[in-house]
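# Working through the structure, step by step
For reference, the chains in residue letters:
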Amino acid sequence: MPDYHRKRQEIETDYRNRIAGYNGEKQLDYYLSLLPKNEFRIYNDLRLTLQNAFQIDSLIITPFFAAIIEVKNYSGTLYFEPLSGQLIQIHGQKEEVIPNPISQVMRQVSQFQECY
């Protein structure tokens, strides 16, 4: 893709974000691998289908609980706005509203409960 292409910056930003997310998930995988395998079942990058498919970064299942982990690898300063439910990321001079991972996990919990 030529340097002057109008979508190049958008594609490069998306690529960097995906690489950062992947690296964050790999870091988490290391720590999860330290849990006793006979007590914890760990499923990574799980895709479940209900009415629509949904994806879970990591699912931990024990005889006592199930935990959904959503990995984010953000940079800058993050502000969680409790009243609006928004997540604001400040990086340098740029301020951006980004999807709230807490809302995402709450949706995943609801979808997971419907599956089982």
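Above this text you will find the structure in question.
Attention here is on the structure that accompanies the text. Small disclaimer: the values here were computed from a predicted structure and weren't measured.

### Describing helix α1 (residues 8-32)
- With 25 residues, α1 extends 36 Å between its outermost C-alpha atoms, agreeing within 8% with the 36 Å of an ideal straight helix rising 1.5 Å per residue.
- Among all positions in α1, only G21, G24, D29 and L32 are buried.
- Where α1 is buried, its residues touch β1 (41-49), β2 (53-61) and β3 (66-69).

### A short note on the sheet that holds β1
- Sheet architecture is open: 3 strands sit in the order β1-β2-β3, paired in antiparallel fashion. Two strands lie at the open edges of the sheet, namely β1 and β3, each paired on one side alone. Geometrically, the sheet is characterised by an average inter-axis angle of 35° between neighbouring strands, direction not taken into account.
- Judged from the 4 bridges that link them, β2 and β3 form a sheet pairing that is antiparallel. From the neighbouring strand, S58 faces β3, where its bridge partner is I69.
- Against the sheet, α1 makes contact with β1, β2 and β3, and its axis sits at roughly 30° relative to β2, the strand it touches most.

### Quick look at the environment of D29
- Position of D29 among the secondary structure elements: in helix α1.
- Note: C-alpha distance between D29 and F80 (51 residues apart in sequence) is 26 Å.

Parameters and conventions
- Residues numbered from 1 in each chain as written.
- Predicted model: local features only at pLDDT ≥ 70, side-chain atom pairs only at ≥ 80, totals over all residues.
- Heavy atoms only, no water.
- Helix = DSSP H or I, 4+ residues; strand = E, 2+ residues; numbered from the N terminus.
- Expected span 1.5 Å × (residues − 1).
- Buried < 20%, exposed > 50% of the residue type's maximum accessible area, 1.4 Å probe, protein only.
- Contact = heavy atoms within 4.5 Å.
- Pairing = 2+ DSSP bridges.
- Axes fitted to C-alpha atoms, helices over the stretch in contact; angles between N-to-C directions.

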